[in-house]
Amino acid sequence: MAATNGELPPEPHKLFDTILVLDFGSQYTHLITRRLRELNIYSEMLPCTQKLADLEWKPKGVILSGGPYSVYEEGAPHVDPAVFELDVPILGICYGLQEIAWHHGKNVLAGEKREYGHAILDVHRHTGKQAHADRLFQGLEDDMEVWMSHGDKLSHLPTDFITLATTKNSPFAGIAHEEKEYYGIQFHPEVTHTKRGVHLLKNFAVDICKAQQNWTMEEFVGKEIARIRALVGEKGQVIGAVSGGVDSTVAAKLMKEAIGDRFHAIMVDNGVMRLNEAKIVKETLTAGLGINLTVVDASERFLGKLKGVTDDPEKKRKIIGNTFIEIFQEKAKEIAEAAHGSEREGEIEWLLQGTLYPDVIESISFKGPSATIKTHHNVGGLLEGMHLKLIEPLRELFKDEVRALGTTMGIPEYLVWRHPFPGPGLAIRILGEVTPEQVRIAQEADHIFIEEIKAAGLYRDISQAYAALLPVKAVGVMGDKRVHAQVIALRAVQTTDFMTAECYPFDFKFLNRVSTRIVNEVHGVCRVLYEVTSKPPGTIEME
Ligand code: GLN
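Residues numbered from 1 in each chain as written. Predicted model: local features only at pLDDT ≥ 70, side-chain atom pairs only at ≥ 80, totals over all residues. Heavy atoms only, no water.

This part covers the overall build of the chain. Helices and strands together make up the secondary structure of the chain, namely 14 helices and 19 strands. Judged by the C-alpha coordinates and their principal axes, the chain covers about 85 × 65 × 40 Å. Counting only residues that meet the buried cut, the chain has 55% of its 543 residues in that class. Within the chain, contacts between residues separated by at least 24 positions form 76% of all contacts whose residues are at least 6 apart in sequence. On the chain, roughly 24600 Å² of surface is accessible, and the fraction owed to carbon and sulfur atoms is 51%. The distance from the centre of the 60 positive side-chain charges to the centre of the 75 negative ones in the chain is 4 Å. (Helix = DSSP H or I, 4+ residues; strand = E, 2+ residues; numbered from the N terminus. Buried < 20%, exposed > 50% of the residue type's maximum accessible area, 1.4 Å probe, protein only. Contact = heavy atoms within 4.5 Å. Areas by Shrake-Rupley, 256 points an atom, 1.4 Å probe, with all protein chains shown as cover. Lys, Arg positive; Asp, Glu negative; His and termini not counted. Charge placed at Lys NZ, Arg CZ, Asp CG, Glu CD.)

Per the stated rule, a full pass over the model turns up two cavities of 30 Å³ or more. Computed from the structure, the largest cavity encloses a volume of approximately 50 Å³. Every residue lining the largest cavity is listed: H150, D152, K153, L154, N169, S170, P171, F172 and Q186. Looking at side-chain class alone, the lining of the largest cavity contains three nonpolar, four polar and two charged residues. Considering the residues around the second largest cavity, the lining is formed by P10, E11, P12, L15, F16, F220, K223, E224 and R227. Elements with a contribution of two residues or more to the lining of the second largest cavity: α1 (12–15) and α5 (217–232). In terms of residue count, the dominant contributor to the lining of the second largest cavity is α5 (four residues). Here the residues of the lining of the second largest cavity are counted per class, giving five nonpolar, no polar and four charged. (1 Å grid on protein atoms, 1.4 Å probe; cavity = no way out; pocket = protein on both sides within 12 Å on 5 of 7 lines; lining within 4 Å. Points joined across faces, edges and corners; volume = space filled by probe spheres on them. Nonpolar A, V, L, I, M, F, W, Y, C, P; charged D, E, K, R; others polar.)

For the ligand, the full set of nearby residues is G66, G67, P68, Y69, C94, Y95, Q98, S149, H150, G151, D152 and H188. Within the contact set of the ligand, a nitrogen atom lies 2.4 Å away from a backbone nitrogen or oxygen of Y69. Note that an oxygen atom of the ligand is positioned 2.9 Å from one of the side-chain N or O atoms of Q98. For the ligand, whose unbound accessible area comes to 300 Å², protein coverage reaches 88%. (Near = heavy atom within 4 Å. Polar contact = N/O pair within 3.5 Å; in protein donor to acceptor, adjacent residues only side chain to side chain.)

Right, let's talk about the pairing of strand β2 (residues 42–47) for a bit. The side chains of a regular strand alternate between both faces of the sheet. Counting buried residues along β2, six of its six residues qualify, which places the element largely inside the surrounding structure. Across the two faces of β2 the burial is the same, with Y42, E44 and L46 and S43, M45 and P47 all buried. In the sheet, strand β1 (residues 18–23) pairs with β2 via six bridges, with the strands oriented parallel. Bridging from a neighbouring strand, L20 pairs with E44 of β2. Crossover β1 to β2 through helix α2 (residues 29–38) is right-handed. (Pairing = 2+ DSSP bridges. Right-handed = clockwise from strand over helix to strand, strands pointing away.)

A few words on the pairing of strand β13 (residues 293–297). Pairing analysis gives five bridges linking strand β12 (residues 263–269) to β13, with the strands arranged parallel. Across the sheet, residue V268 finds its bridge partner in β13, namely V296. The parallel pair β12 and β13 is bridged by helix α7 (residues 277–288), and the resulting crossover is right-handed.

Turning our eyes to something else, we now look at the sheet that holds strand β15 (residues 389–391). Pairing in this open sheet of five strands is parallel, and the strands run β13-β12-β11-β14-β15 from one edge to the other. Only two strands of the sheet have a single partner each, and these edge strands are β13 and β15. Within this sheet the neighbouring strands show an average axis-to-axis angle of 30 degrees, counted without direction. Its contacts with the sheet place α7 against β12 and β13, and it is angled at close to 170 degrees to β13. (Axes fitted to C-alpha atoms, helices over the stretch in contact; angles between N-to-C directions.)

Taking strand neighbours across the sheet as the criterion, the eight strands line up as β2-β1-β3-β4-β10-β9-β8-β6 in an open arrangement whose pairing is mixed. Strands at the two margins of the open sheet, each flanked by one partner only, are β2 and β6 (122–123).

For the pair helix α6 (residues 246–259) and helix α11 (residues 399–408), the least separation of the axes is 10 Å and the interaxial angle reads 50 degrees. Compared by their axis directions, α6 and α11 come out oblique. As for the relative orientation of α6 and α11, their crossing is left-handed in sense. Each of V246, D247, V250 and L254 in α6 lies in contact with α11, whose residues at this interface are K399, V402, R403, L405 and G406. Here the residues of the contact of α6 with α11 sort into five nonpolar, one polar and three charged. (Parallel < 35°, antiparallel > 145°, perpendicular 65-115°, else oblique. Left-handed = near helix turned anticlockwise from the far one by under 90°.)

If you want it as structure tokens, here you go:
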């Protein structure tokens, strides 16, 4: 069963100095957490409705985020007043500043002027008993460039507060309590438009909250392995799917380090993976990383079900998703039966999930007083009759941290820096019917494109790239002979969050080279196009 000593093993917020970010619904809240992590300071986000008495750990400091509401409105969200009794420093950002002011005298109202975009801050310096408040702007210019997005303002300074900074429109762009460590700023230090915003966050977290900058993957890895061991116990077994992507590979390697062969990885070859992918992943995960892996070659079963599906792209996704669950479940049961009754090992009780922190943030972020908060889905029920508990060793990590962790654990660079690959694989890059012949063409063309991107040193610059196969034929001349053959569309995008994306501006020589190689080397293709739609309105994948 769970932890051997009956107590749950400690989570990072109990092991590392933690800055708690309370979310009032700003679209930038997650960035506050990320910036702190980039400074090697552990930070977690919780909704602004969090009751502090329910918190089983004590933060080193609290940041109140921005938000779309107005503090003076009926029904506006307010922080648990217990935050002011915690005896830790508090920084309010935008709505957060207004919230601190509201708590100290209800002195916020709608401004005559909204203020969006760049502003120049006039930073005031203090002496004597007030000098301690200057630590927030320590090392920053007196005319710091900041980014604003607000319509409300403080009518006057709350009692016992002093002004740290002003702008033309905001006489209270930065404030601090005279004695207590409460700070408020009207601008957003977490967005890159505030050029030295990270420095300000560091001043708050390190100099004011005294948080240690010890959140590194080298520190995390050992602690997480100990946590997994305690959670799973001495005999417990875990099962999980791997795909060759960075998240599942890193999660699998962590499990292997923690419990060895009591972690069973399953890779389902669905027949629509990249060229030679199943073989390469198998070698890397087993011979390279020592993971106990079972590969199920189910290509024929998938391709059989995809046969004749031409109408609705959603249908392809559903077929592949459902067939995957079927096969994973069959294999999981086989492994569980084989494991059953072994003296050395217990039953399979756990399912590994590669959940990352952005998924957690998405599920807990504050969506407004009227919106219901989504409950976190429990995939444990996914495997019928097995009643598995979920184990999510990456749930505190951002993607860049997962990559750093992978590097720390010796996972090869090509896996760590891999572009994302969709679950339904090439099936949604082959427009029209998916047949073994179409899969061959898409795989070969994609392989050439990616090989050339790597050779040109562009792979890490591009967020995602692939070759798609269009469901049309065009005429060409090859070897003086008229051909009627297929058309490949290349897609390459740059993005930071995959919510919006721009097409990658290749130089023309590069595209020419790729096109020549594909037409010459991939039998059945006579034309190559470059797809230039941005997202939105396009999506990154084609179907
Ligand atoms: N709604 C508040 C205002 O307009 C706060 C805005 C924010 O936090 N970005 O001032």
